[in-house]
Amino acid sequence: MASEQIIAIFTTMNHIHHNYSLKALNSFGLDARAASYANPADKESLITLLEEAHREQLPLLILGEGSNILFKNNFQGLVIQPGMKGIDVVKENNEEVVVKVGASENWDRWVSYAIEKGWYGLENLSLIPGSVGSAPVQNIGAYGVEMKDHFEWLETYDIQMKQQVRLDFNACRFGYRSSIFKGEAKGRYIITHVAFRLDKKARLNLDYGNIKDVFSLANGSTPLDLRNVIINIRESKLPDPAQFGNAGSFFKNSMVDRTVFNCIRVEYPEVPFYPNDGNQMKIPAAWLIEKSGWKGKRVGNVGTWPAQPLVIVNYGGASGQEIYDFSENILQDVESTFSVSLEREVNVI
Ligand code: FAD
Ligand code: EPU
């Protein structure tokens, strides 16, 4: 459908913006445009908007804060950025609390608020960019904790069944950087609220890598200390999107069959790995990319971050297509060097 038609459909509705720049709404800083854009603040406005979009058969894109999205093109449809706010305790006893959080709350502000209130468990997930509503989509994870570890349920609007539904842990089918929202039910659900189960007694998770040593060197003892340690580590490794456009890890870490792993190990005895379920081994994609010659490599305005080659950076003025092509070249080189197919973590639009 042409943009002019989409504009005509929505001119009578409130709070719809047309030919809307998404530049400030994606962490690559790409100047993509949405034919239409809306930011419904509550479920009722969301439903009205969806009914209209359905009648007109408009393509839909749900946007959080755009920190895991690559716009290769403009979006010829309606971008909906859910605007539901609020942090409410729904259940509580001496040990635990269940808190319901609106989709548009910023993830890291929620983590910081929870620690302030004495609700613990999310410390290791500090400073991950994005909104609360997007956190279940790829089951965000860092430093030995995943969102699913503290997930209780979520509220969503089911576009297919045209009804609001609550989905529990099993229904979401969380895995490593995956869920039904990124997989089989992609595009079907709009998450409006997420509920988390948090501990009132701190149980610090220091198991990942050298976190325990860094924590003790910093004389850490509290959840807030752990949050600060994680923030320091992240700031030392990852580029700040406000300075260098990026979407965090561009690819997922790789699960490879033991036979492929054994072949790699013959040539590279130093290959880092983590045994996974069944017959698979997890190999850091950063290592595969580095060994394929892509660490710190730059082509025009696109490059891999020198300290972490899993992150692709827009050094300024790159197009979405250029970033995509750069990622495709990495993918092909890793495939031909190691016979391992990298999978993009970033959502390509
Ligand atoms: P968006 O990029 O806006 O959307 C992501 C996907 O979710 C899209 O497919 C979108 O359609 C869908 N979506 C968004 N909101 C909703 C909703 N309400 N309902 C249904 N679908 C929705 N991720 C990690 O897991 N661990 C990390 O350590 C990490 N570090 C990062 C570091 C940097 C510097 C950056 C830039 C990113 C990092 N990421 C990390 C990726 C990113 O922070 C997460 O994927 C985050 O959850 C994205 O949130 P967002 O609101 O920006 O989502
Ligand atoms: N490595 C290299 N070369 C490098 C950097 C790393 O070979 O230049 C190897 C090393 O063996 C290192 C290993 O990669 O031990 C892992 O590196 P790191 O600890 O930096 O983590 P990662 O596996 O690259 C993952 C997540 C990050 C998350 C961190 C911390 C994925 C795809 N990425 O990165 O998540 O913050 O662990 O838990 O799982 C994201 O998803 O956007 C993201 C940033």
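Residues numbered from 1 in each chain as written. Chains lettered and ligands numbered in written order. Predicted model: local features only at pLDDT ≥ 70, side-chain atom pairs only at ≥ 80, totals over all residues. Heavy atoms only, no water.

1. Quick look at the overall build of the chain
Each helix and strand counted, the chain has nine helices and 20 strands in total. Against the 2.2 N^0.38 benchmark of 20 Å for 349 residues, the chain shows a C-alpha radius of gyration of 21 Å, consistent with a compact globule. Taking the principal axes of the C-alpha coordinates as reference, the chain spans close to 65 × 55 × 40 Å. Among the 349 residues that make up the chain, the fraction classed as buried is 50%. Within the chain, contacts between residues at least 6 apart in sequence are counted, and of these 60% link residues at least 24 apart. Roughly 16,600 Å² of accessible area belongs to the chain as shown, and the carbon and sulfur atoms make up 46% of that amount. Of the side chains in the chain, 35 bear a positive and 41 a negative charge, and the two mean positions are spaced by 1 Å. (Helix = DSSP H or I, 4+ residues; strand = E, 2+ residues; numbered from the N terminus. Rg over C-alpha atoms; globule rule 2.2 N^0.38 Å. Buried < 20%, exposed > 50% of the residue type's maximum accessible area, 1.4 Å probe, protein only. Contact = heavy atoms within 4.5 Å. Areas by Shrake-Rupley, 256 points an atom, 1.4 Å probe, with all protein chains shown as cover. Lys, Arg positive; Asp, Glu negative; His and termini not counted. Charge placed at Lys NZ, Arg CZ, Asp CG, Glu CD.)

2. Some thoughts on the site of ligand 2
For ligand 2, the set of nearby residues contains 24 residues, the closest of which are Y143, Y176, E290, K295 and E345. At a separation of 2.7 Å, a nitrogen atom of ligand 2 approaches a polar side-chain atom of E290. Within the contact set of ligand 2, an oxygen atom lies 2.6 Å away from a side-chain nitrogen or oxygen of K295. Summarising the interface, the protein chains cover 82% of the accessible area of ligand 2, which totals 830 Å² for the free molecule. For the shell around ligand 2, the elements supplying multiple residues, two or more each, are α6 (223-237), β13 (245-249), α8 (285-291) and β19 (308-314). Considering only residue class, the shell around ligand 2 consists of 13 nonpolar, four polar and seven charged. (Near = heavy atom within 4 Å. Polar contact = N/O pair within 3.5 Å; in protein donor to acceptor, adjacent residues only side chain to side chain. Nonpolar A, V, L, I, M, F, W, Y, C, P; charged D, E, K, R; others polar.)

3. Observations concerning the side chain of K252
For K252, the position within the fold is in the loop between β13 and β14 (254-257). Of note is the side chain of K252, whose polar atom sits 3.4 Å from the backbone oxygen of R177.

4. Section: helix α3 (residues 107-117)
Those residues of α3 that sit buried are W107, D108, W110, V111, A114 and I115. Along the axis of α3, the buried positions cluster into a sector of 155°, meaning they face one direction only. Away from the buried face of α3 by more than 90 degrees, exposed residues R109 and E116 are located. Tucked into the core, α3 has its buried residues touching β6 (87-92), β7 (96-102), β12 (189-199) and α6. For α3, the N-terminal cap is N106; the gap from its side-chain oxygen to the backbone nitrogen of D108 is 3.1 Å. Following α3 by one or two positions, G118 adopts a phi angle in the positive range, close to 85°. (Arc of directions from axis to C-beta.)

5. Remarks on the site of ligand 1
Taken together, 32 residues sit near ligand 1, with I62, G64, S67, P129 and S134 positioned nearest. Take E65: an N or O atom from its main chain is 2.8 Å from an oxygen atom of ligand 1. One nitrogen or oxygen atom from the main chain of P129 is found 2.7 Å from an oxygen atom belonging to ligand 1. Going through the elements one at a time, β8 (141-142), β12 and β13 are the ones with two or more residues in the shell around ligand 1. Among the residues forming the shell around ligand 1, the class breakdown is 15 nonpolar, 14 polar and three charged.

6. What about the packing of aromatic side chains?
Throughout the structure, instances matching the rule amount to 18 aromatic pairs. Between W110 and W119, the aromatic rings sit 6.4 Å apart at their centres with planes inclined by 50°, giving tilted as the arrangement. Assessed through its relative accessible area of 1%, W110 is described here as buried. The buried category is assigned to W119, whose relative accessible area is 7%. Taken together through their ring pairs, the aromatic side chains of W107, W110, Y113, W119 and F196 make up a single cluster. K72 extends its terminal NZ or CZ atom over the ring of Y324, reaching a point 4.0 Å from the ring centre. The side chain of R166 reaches across the aromatic face of W153, ending 3.5 Å from its centre. (Phe/Tyr/Trp six-rings, centres within 6.5 Å; stacked < 30°, edge-to-face > 60°. Lys NZ or Arg CZ within 6 Å of the ring centre and 35° of its normal.)

7. Some thoughts on the domain arrangement of the chain
For the chain, the assigned domains are domain 1 (3-80), domain 2 (87-234) and domain 3 (238-348). Computed over C-alpha atoms only, the centres of domain 2 and domain 3 are separated by 25 Å. Interface area, domain 2 with domain 3, both sides summed: about 700 Å², of which 44% is carbon and sulfur. Contact with domain 3 buries area across many residues of domain 2, yet Y176, K182 and R234 alone supply 67% of it, more than any other trio. Where domain 2 meets domain 3, there are one salt bridge. With its nearest N and O atoms 3.3 Å apart, the salt bridge here joins R177 to E345. At the surface where domain 2 touches domain 3, the tally comes to six residue pairs in polar contact (both at pLDDT 80 or more). (Domains from an automatic or database assignment. Buried area = accessible area lost by both parts, 1.4 Å probe. Salt bridge = Lys/Arg side-chain N within 4 Å of Asp/Glu carboxyl O.)

8. Quick notes on the side chain of S254
When you line up the elements, S254 lands in strand β14. Discounting chain neighbours no more than four positions away, the residues touching S254 are M281, K282, I283, A285, L288, V340 and L342.

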